[in-house]
Amino acid sequence: MTDTPMIRMASVEKHFGDLHVLRNINLEVAPGQVVVVLGPSGSGKSTLCRTINRLEPIDSGTIEIDGKVLPEEGKALAALRADVGMVFQSFNLFAHKTILENVTLAPIKVRKMNKAEAEAKGMALLERVGIADQRDKYPAQLSGGQQQRVAIARALAMNPKVMLFDEPTSALDPEMVNEVLDVMTTLAKEGMTMLVVTHEMGFARRAADRVVFMANGEIVEDAPPDEFFTNPKSARAKDFLGKIL
Ligand code: ADP
Ligand code: MG
């Protein structure tokens, strides 16, 4: 089947205690699509990302990756989780591993790849994000932008079907934002399926097929970027855009 969505969320509900953080989320992302998620702080964007690879359990509804329902736990979940790469605001690299080790660790442990193969692949990925010359350094010796590019390479090393990005440039000094966005833009052009939470409106306009706008745990709008930015329909989106543009 060619029309199986890469990500499919249906009627997803999630509470933290009394707080209703995801309300009837219905979202499909086709293979190769890039969806940018926008919304005010606290609207549920990070929680949405975290449910997609089951870092957070959901209360009800279903989430499928490439047509497979996310199981609750166990080996099947580990395999499905490996299909979903995630890059966070804080780079979360292993501080006591070299850059190359950061990229080869999971393929060796989880994918059971042999070391030489993992290193060859790791080096190719470090080349791709422009950082191969840093292979023997430790994360703290790299700039924030470089660390985030390593984090992207590390996620790609697992051959994910989907890449989730949760505000990947928010913790970076301004002069380093573009080097990370450039890597993401290239990835998007190469056909990776991506869900990207970001406040970088330039990236959204340039790279997104769709913008999903969340407020108060709900998807309020889902439209192509041109349409969303020029003609937002809801008062909440108009208000949000008025504050950031
Ligand atoms: P966003 O990423 O859009 O800023 P989040 O998904 O981080 O929003 O948070 C949505 C709401 O859920 C917020 O009110 C936040 O305080 C709350 N929240 C997030 N994580 C937890 C948690 N682990 N326990 C309790 N409340 C949480
Ligand atoms: Mg967040």
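Residues numbered from 1 in each chain as written. Chains lettered and ligands numbered in written order. Predicted model: local features only at pLDDT ≥ 70, side-chain atom pairs only at ≥ 80, totals over all residues. Heavy atoms only, no water.

Undergrad: Before we move on, could you go through the site of ligand 1 and cite the residues and values that matter?
TA: Near ligand 1 the following residues occur: Phe16, Leu19, Val21, Pro40, Ser41, Gly42, Ser43, Gly44, Lys45, Ser46 and Thr47. For ligand 1, an oxygen atom lies 3.0 Å from a polar atom in the backbone of Gly44. If ligand 1 stood free it would expose 560 Å²; the protein chains cover 59% of that surface. Mapped by element, the contributors of at least two residues to the shell around ligand 1 are β2 (19–29) and α1 (45–52). In terms of residue count, α1 provides more of the shell around ligand 1 than any other element does, 3 residues in total. When its residues are assigned to classes, the shell around ligand 1 shows 4 nonpolar, 6 polar and 1 charged. (Near = heavy atom within 4 Å. Polar contact = N/O pair within 3.5 Å; in protein donor to acceptor, adjacent residues only side chain to side chain. Areas by Shrake-Rupley, 256 points an atom, 1.4 Å probe, with all protein chains shown as cover. Helix = DSSP H or I, 4+ residues; strand = E, 2+ residues; numbered from the N terminus. Nonpolar A, V, L, I, M, F, W, Y, C, P; charged D, E, K, R; others polar.)

Undergrad: Got a sec to walk through the pattern of salt bridges? Specific residues and values, please.
TA: Taken as a whole and judged by the stated rule, the model has 14 salt bridges. Put simply, Arg111 and Asp83 hold a salt bridge, and the shortest N to O gap is 3.9 Å. With Arg111 in the loop between α3 (99–109) and α4 (115–128) and Asp83 in the loop between α2 (75–82) and β6 (84–87), this pair connects stretches of sequence that are 28 residues apart. By relative accessible area, which is 11% here, Asp83 ends up buried. Of the charged contacts in the structure, one is a salt bridge between Glu190 and Arg128, with a shortest N-O distance of 2.8 Å. A residue pair is termed long-range when its members are at least 10 positions apart, and Glu190 in the loop between α6 (174–189) and β8 (193–197) and Arg128 in helix α4 qualify at 62 residues. Here Arg128 falls in the partly exposed class, since its relative accessible area comes to 45%. Here the salt bridges do not stand alone but share partners, grouping Arg8, Glu28 and Glu64 into one network. (Salt bridge = Lys/Arg side-chain N within 4 Å of Asp/Glu carboxyl O. Buried < 20%, exposed > 50% of the residue type's maximum accessible area, 1.4 Å probe, protein only.)

Undergrad: Give a description of the confidence of the model for the protein that names residues and reports values.
TA: On average, residues of the protein score 94 in pLDDT, and 97% of them reach the 70 mark or higher. Taken over the whole predicted complex, pTM reads 0.95, whereas the ipTM for its chain interfaces reads 0.98. (pLDDT = per-residue confidence, 0-100.)

Undergrad: Describe in detail the sheet that holds strand β1 (residues 7–16), supporting the description with residues and values.
TA: The strand order across the open sheet formed by 4 strands is β2-β1-β4-β5, and the pairing between neighbours is antiparallel. Each edge of the open sheet is held by one strand with a lone partner, namely β2 and β5 (68–69). Pairing analysis gives 7 bridges linking β1 to β2, with the strands arranged antiparallel. The residue of β2 that forms the bridge with Val12 is Ile25. (Pairing = 2+ DSSP bridges.)

Undergrad: Tell me about the pairing of strand β4 (residues 60–65), and please be specific about residues and values.
TA: Of the pairings in the sheet, the one linking β1 to β4 comprises 5 bridges and is antiparallel in character. Paired with Arg8 across the two strands is Glu64, which belongs to β4. Two strands pair when backbone bridges link them, and β4 and β5 are joined in this way by 2 bridges, in the antiparallel orientation. By the bridge assignment, Glu64 is partnered in β5 with Val69. Counting the residues in the hairpin turn of β4 and β5 gives 2 residues, including Asp66, whose phi is positive at 50°.

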